[in-house]
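An overview of the molecular structure
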Amino acid sequence: RGGVTMYPHLTAMWLACSYLIVVTAWGPAAIIFYLLQPSNVSGIILGISFSFLGYVLLKGTPHRPSNIHRSPIIALTPACLVIHPLLNQSPTRIPWDKQPHIAGIEQLNINRSTYNLLHVSTRDAEDTLRLDTTGIPLRFWQISRVINHFNAHPEDRATLGTPDGADLVIEILTTGGTV
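Note that the structure is a prediction, hence the values are computed from the model and not measured.

Reading the values: rules and limits
- Residues numbered from 1 in each chain as written.
- Predicted model: local features only at pLDDT ≥ 70, side-chain atom pairs only at ≥ 80, totals over all residues.
- Heavy atoms only, no water.
- Core = buried A, V, L, I, M, F, W, Y, C linked by side-chain atoms within 4.5 Å.
- Buried < 20%, exposed > 50% of the residue type's maximum accessible area, 1.4 Å probe, protein only.
- Helix = DSSP H or I, 4+ residues; strand = E, 2+ residues; numbered from the N terminus.
- Contact = heavy atoms within 4.5 Å.
- Pairing = 2+ DSSP bridges.
- Axes fitted to C-alpha atoms, helices over the stretch in contact; angles between N-to-C directions.

On to the nonpolar core. In this structure, Leu76, Leu81, Ile143, Phe150 and Val169 are the most contacted members of the largest nonpolar core, which totals 29 residues. Here this core takes five residues from helix 4 (residues 140-152), the largest share from any one element. Apart from residues lying up to four places away in sequence, Leu76 is in contact with Gly3, Val4, Met6, Leu81, Trp96, Val146, Phe150, Leu160 and Val169.

Taken in spatial order, the four strands of this open sheet run 1-2-3-4, and their pairing is antiparallel. Of all strands in the sheet, those bounded by a partner on one side alone are strand 1 (4-6) and strand 4 (92-95). Each neighbouring strand pair of the sheet contributes to a mean axis angle of 15°, computed without reference to strand direction.

Here the focus is the pairing of strand 3 (residues 80-83). Neither face of strand 3 is open: one carries Cys80 and Val82, the other Leu81 and Ile83, and all of them are buried. Note that strand 2 (residues 74-76) and strand 3 share three bridges and pair antiparallel. Paired with Ile74 across the strands is Ile83, a residue of strand 3. The antiparallel pairing of strand 2 with strand 3 creates a hairpin that spans three residues between the two strands. Note that strand 3 and strand 4 share four bridges and pair antiparallel.

With that settled, the discussion passes to the side chain of His84. You can see His84 is positioned in the loop between strand 3 and strand 4. Using a relative accessible area of 6% as the deciding quantity, one classes His84 as buried. Apart from the residues within four sequence positions on either side, His84 is in contact with His69, Ser71, Pro72, Ile73, Gln89, Ser90 and Pro91.

In short, geometric facts, not functional conclusions.
This is how it looks when you write it as structure tokens:
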């Protein structure tokens, strides 16, 4: 739809949530086992404790699949760079004429969750944008390479809106940007 898009890797998030759902199910399973063998009281206490812990951890995890948008995390269009953090409802659009570039990377651990913050700087901006790029399918140096290429070669931006756009991005990533 007018550009090259990249979708996030969500496998680790799905697995973590699946594991927590299984742990949450231990409480009802412990009750069923208790009904079959009433002499085992410690099993029901342990099962309900694990179930409560799993539920609390599942509700405290911000990157639950239900909280994540279903659109691309990065889009390269002829007009702008679009970064859409997983937990935001609206993407951040940065026009190419503002010459976006990666100013840094920061990793935060908040409430047992890791956030990868990409610092994007633009021309004439005093502060950098800090965007959560958890689940991004590329390494940060690869993102920087692609962005720097389209800043240095504005004539290649029009290709992003064509079927050859993905091939161009892959070529930039594999050859180092000397296209």
